[in-house]
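The residues making up each chain are set out below.
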Amino acid sequence: MVFTYYCDKIKNDNGEWLVFNVFSGKLICVSNEVHENIIAGNLDKLKDEEKAILIKNGFVVNSHEDDFKRVEEKLLKMKYCDDSLTVTILTNMDCNLGCKYCHENGLKDFKYLKKGEISKINKWLTSQVETNHYKSITIYFYGGEPTLNLEAIEEISVHVGALAEKHGFTYNLSMSTNGTLLNDKIVNRLVNAKVCDIQITLDGPREVHDFRKPFLDGGGSFDIIFNNIKMYYKFLDITIRVNVDKNNYDRIPELMDTIVKNDLHNKAYFYLDLISSTHKKNDYCNNYVLTTKKEMQSIVFLWEEQKKRGIPLHGKNVIEGLCGNLSKSNVTIAASGEFYICPGLCGIKDACFGDIVKGYNSVFDKMMETNVWENCKVCKYLPMCAGGCRAQAYMKSGSCFSCYCKKDYYEDVVMKYIKCKYE
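What counts as what
For every chain, the first residue of its written sequence is number 1, and the numbers climb from 1 along that sequence. Local features in this predicted model are restricted to residues whose pLDDT is 70 or higher, and side-chain atom pairs enter the listing and the counts only when it is 80 or higher, whereas totals over whole chains, interfaces and linings include all residues. As a rule here, side-chain values come from all non-hydrogen atoms in the structure, and water together with hydrogens is ignored. To qualify as a helix, a DSSP run of H or I must reach at least 4 residues; to qualify as a strand, a run of E must reach at least 2; elements of each kind are numbered from the N terminus. We take the radius of gyration over the C-alpha atoms and set the globule estimate at 2.2 Å times the residue count to the 0.38 power. Summary of the burial criterion: residues with accessible area below 20% of their type's maximum are buried, those above 50% are exposed, and those between are partly exposed, where the area comes from a 1.4 Å probe applied to protein chains only. A strand pair is defined by DSSP finding two or more bridges across the two strands. Polar contacts here mean pairs of N or O atoms no more than 3.5 Å apart (in protein, one a potential hydrogen donor and the other a potential acceptor; neighbouring residues in sequence count only if both atoms are side-chain atoms). Contacts were defined at the residue level, with two residues in contact if any of their heavy atoms lie within 4.5 Å. Salt bridges are identified by distance alone: a Lys or Arg side-chain nitrogen within 4 Å of an Asp or Glu carboxyl oxygen.

1. Remarks on the overall build of the protein
Scanning the protein from terminus to terminus reveals 15 helices and 15 strands. Relative to the compact-globule value of 22 Å for 423 residues, the protein shows a C-alpha radius of gyration of 23 Å, a close match. C-alpha extents for the protein along the principal axes are approximately 70 × 50 × 40 Å. For the protein, the residues scored as buried account for 54% of the 423 residues in total.

Next up, the structure:
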């Protein structure tokens, strides 16, 4: 028996060690002596009860080869998932905001899903359900700004609901929106369309947010968005996302204070995400993304500030797993009707793997033939990263099927997040 590759550790404030199993998510606290034996690989020096705890929680395994096979089996199961379907649908490529870091900058146009395209999407969904017999379907409406095309959301919702009733699967409809157009009428239409949760971005206190996410005429959007969150959390499950970069990280605690003051931390899911570099048509992202180890520490600072205020920590940008966009049952459908690997790669030819009329093409075949994690066998973060983000892989190497390694980032922040969340 051997110690698993897939664990990380950090010393806690009591002088003991928090040891985290990256594969299983199990966390244990051990003494300095046990920690030293783990580092040295001295299984024979452990007490029987210590060894039993480590075996039970997956820190001691039969062999490294078996351990890797276990991780890879899980990743392949996710990749070839055939009991659920996730579809991101871009209802349009238009927007009423001019966000500085928009990854669709230079790609946006006035393309909207019309009845013809909606009918084709519904026909495609029907064929998928009848062929694969899914147990669950998730539809994620995206844009542009999806509330500019509520008719598409409503028509697809009615169709999915009818399919679910006929074929007996469960379904979930959600949406990413800037939140500026929400009003009683629109929220009522969303609720009637069975859209149950939405994600809205706030990027700091008013002046910071308004600089980063202005209306097309330059006016600020913060007050409208914030008031809509306060107004409509009773009707929709709302996630408040904060995009973090060099220009706003030090002002985000002020936003946290505002959220707590309005008791929204108990009414909405709150999480932080780092902006990332994007295609060359948006220099803002490329210039202000956090890259150095020192800059990366800003996310740890923000987690600590979040914890101080009693805002629950959610590790979406730490505990990731296989990029869902590498699954054969995960499809992004652009407003043009084309299939893409990722919403962040819409408009990129190399990431287009077919369309709703012709079906899949050779890019899809390559996606399924390539295991992007194949050179990451002995990396302790493999179960968490699995080769990384497909959009970032493309931005870095020009290929959607290369590894995008975040090991340096994980080494700096993973256990600090675990410590912050659980101590």
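2. Here's the deal with the sheet that holds strand β7 (residues 136-142)
One key point about sheets: their strands pair by backbone hydrogen bonds, in either a parallel or an antiparallel sense. In spatial order, the strands read β11-β10-β9-β8-β7-β6-β12-β13-β14-β15; together these 10 strands make up an open sheet with mixed pairing. The two strands at the open ends of the sheet, each matched to only one other strand, are β11 (269-274) and β15 (359-360).

3. Some details on the side chain of T177
Considering the arrangement of structural elements, one finds T177 in the loop between β8 (170-176) and α6 (184-192). Here T177 falls in the buried class, since its relative accessible area comes to 6%. A polar side-chain atom of T177 sits 2.7 Å from a polar atom in the side chain of E145. Look past the residues within four positions of T177 in its chain and what remains in contact with it is E145, T147, I198, Q199, I200 and T201.

4. A word on the pairing of strand β6 (residues 84-90)
Burial analysis of β6 places 6 of its 7 residues in the buried class, the great majority of the element. In this sheet, strand β12 (residues 330-333) lies alongside β6 in parallel orientation, the contact comprising 4 bridges. Across the sheet, residue T86 finds its bridge partner in β12, namely N330.

5. Things to note about the pattern of salt bridges
Where charged atoms from two side chains of opposite charge approach closely, those side chains can pair. Evaluation of the coordinates by the stated rule reveals 18 salt bridges. Residue R212 is joined to D245 by a salt bridge in which the shortest nitrogen-to-oxygen separation is 2.8 Å. Pair noted here: R212 is in helix α7 (residues 206-212) and D245 is in the loop between β10 (237-244) and α9 (252-261), with a separation of 33 residues, a long-range link. With respect to burial, R212 and D245 carry one shared label: buried. R309 is the salt-bridge partner of E305, the closest N and O atoms lying 2.8 Å from each other. A single salt-bridge network, built from bridges that share partners, covers D257, E305, K308 and R309.

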